[in-house]
Amino acid sequence: MRSLARIAIAGALLFPLLLVVIAAIQWDFLHERGWRVFDHGDVTWPSGTALGPSGFLQVINFLILGVSLLALAVALRRSVQTRRNVGSWLVGLMGVALLLSAFRIDHSTAFSGEGGSPETWNGVVHGIAFFLLLIATLLSTIVLGFQLRKDPQWSDLGRISLAVAIALPLAFIGLGALNGALGFYLFLAILLGWVVALASRALRLASPTPV
């Protein structure tokens, strides 16, 4: 289980680092389409970077985070004492959604500003993956919030998960209404921080000595 927890932590930490690297590599490509660090303009970011130079890096980035969440789901299932494993299954569903996000978004959707309708099958899959990820993320934070509170070794993270369930929509919708870029950054920071916290607890519980 320690290996699974380490994979989850590594994937969650690597994802934002690769986003920075990809943005740097594609700086001209993104700026030509109106993207700025604090104003994404008409660019659906980061999905749109999969269509630019070295776009395969973003495809890999989605795959890495997807695998890390699947690893976390298995680690949670093995370490959380609960009658039902709904929460871990929902985390696994988040992982599946991210794996499906590796199918590239369509140009019409990525750079329209209004989120144009997908025109290809891979664009449809990417769109479905996006909504699946949002739903699975919200449900997993809520369900795990209640499930973890019943396990003494996880109870504090149960309370944190419920707080995350409130904070994520506020960041994505609330702050996003004022500044979409900042809203996304905060959403991502909260989500990945939550993943790292869960994986770190699983790692500590699986270790013969404190980590």
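Below: a short report on this structure. (Residues numbered from 1 in each chain as written. Predicted model: local features only at pLDDT ≥ 70, side-chain atom pairs only at ≥ 80, totals over all residues. Heavy atoms only, no water.)

Another aspect to go through is the overall build of the protein. Broken down by element type, the protein carries 8 helices and 0 strands. Relative to the globule expectation of 17 Å for 211 residues, the C-alpha radius of gyration of the protein, 17 Å, shows essentially globular dimensions. If one aligns the C-alpha atoms of the protein with their principal axes, the spans along those axes are about 50 × 30 × 30 Å. The proportion of buried residues among the 211 residues of the protein is 45%. Restricting to contacts in the protein with at least 6 residues of sequence separation, those with at least 24 account for 69%. (Helix = DSSP H or I, 4+ residues; strand = E, 2+ residues; numbered from the N terminus. Rg over C-alpha atoms; globule rule 2.2 N^0.38 Å. Buried < 20%, exposed > 50% of the residue type's maximum accessible area, 1.4 Å probe, protein only. Contact = heavy atoms within 4.5 Å.)

What follows deals with the environment of Ala167. Looking at the element boundaries, Ala167 is found in helix 7 (residues 155–178). We classify Ala167 as partly exposed; its relative accessible area is 24%. Note: C-alpha distance between Ala167 and Phe187 (20 residues apart in sequence) is 8.0 Å.

This part takes up the packing of helix 1 (residues 2–25) against helix 3 (residues 56–79). Here helix 1 crosses helix 3 at 160 degrees, and the two axes come no closer than 8 Å. Here helix 1 lies roughly antiparallel to helix 3, going by the angle between them. Considering how the two elements wind past one another, helix 1 and helix 3 form a crossing that is left-handed. Here Leu4, Ile7, Ala8, Gly11, Ala12, Leu14, Phe15, Leu18, Leu19, Ile22 and Ile25 of helix 1 come into contact with helix 3, specifically with Leu57, Gln58, Asn61, Phe62, Ile64, Leu65, Ser68, Ala71, Leu72, Val74, Ala75 and Arg78. Its residues assigned to classes, the contact of helix 1 with helix 3 shows 18 nonpolar, 4 polar and 1 charged. (Axes fitted to C-alpha atoms, helices over the stretch in contact; angles between N-to-C directions. Parallel < 35°, antiparallel > 145°, perpendicular 65-115°, else oblique. Left-handed = near helix turned anticlockwise from the far one by under 90°. Nonpolar A, V, L, I, M, F, W, Y, C, P; charged D, E, K, R; others polar.)

What follows is about the packing of aromatic side chains. The full count for this structure, using the stated rule, is 11 aromatic pairs. With a centroid separation of 5.7 Å and 35 degrees between ring planes, the pair formed by Trp35 and Trp45 is classed as tilted. Taken as a pair, Trp35 in the loop between helix 2 (27–32) and helix 3 and Trp45 in the loop between helix 2 and helix 3 lie far apart in primary sequence, 10 residues in all. Of the two residues examined, Trp35 and Trp45, each falls in the buried class. Their ring planes at 80 degrees and their centres at 5.7 Å tell us that Trp45 and Phe184 sit as a pair that is edge-to-face. With a gap of 139 residues between them, Trp45 in the loop between helix 2 and helix 3 and Phe184 in helix 8 (residues 180–206) connect regions that are remote in the sequence. In terms of burial, Trp45 and Phe184 fall into one category: buried. Here the aromatic cluster, defined as three or more aromatic residues joined through ring pairs, consists of Trp27, Trp35, Phe38, Trp45, Phe184 and Tyr185. Sitting over the face of the ring of Phe111, Arg33 holds its NZ or CZ atom 5.4 Å from the ring centroid. (Phe/Tyr/Trp six-rings, centres within 6.5 Å; stacked < 30°, edge-to-face > 60°. Lys NZ or Arg CZ within 6 Å of the ring centre and 35° of its normal.)

Such coordinate-based values are descriptive only and should not be taken to indicate function.
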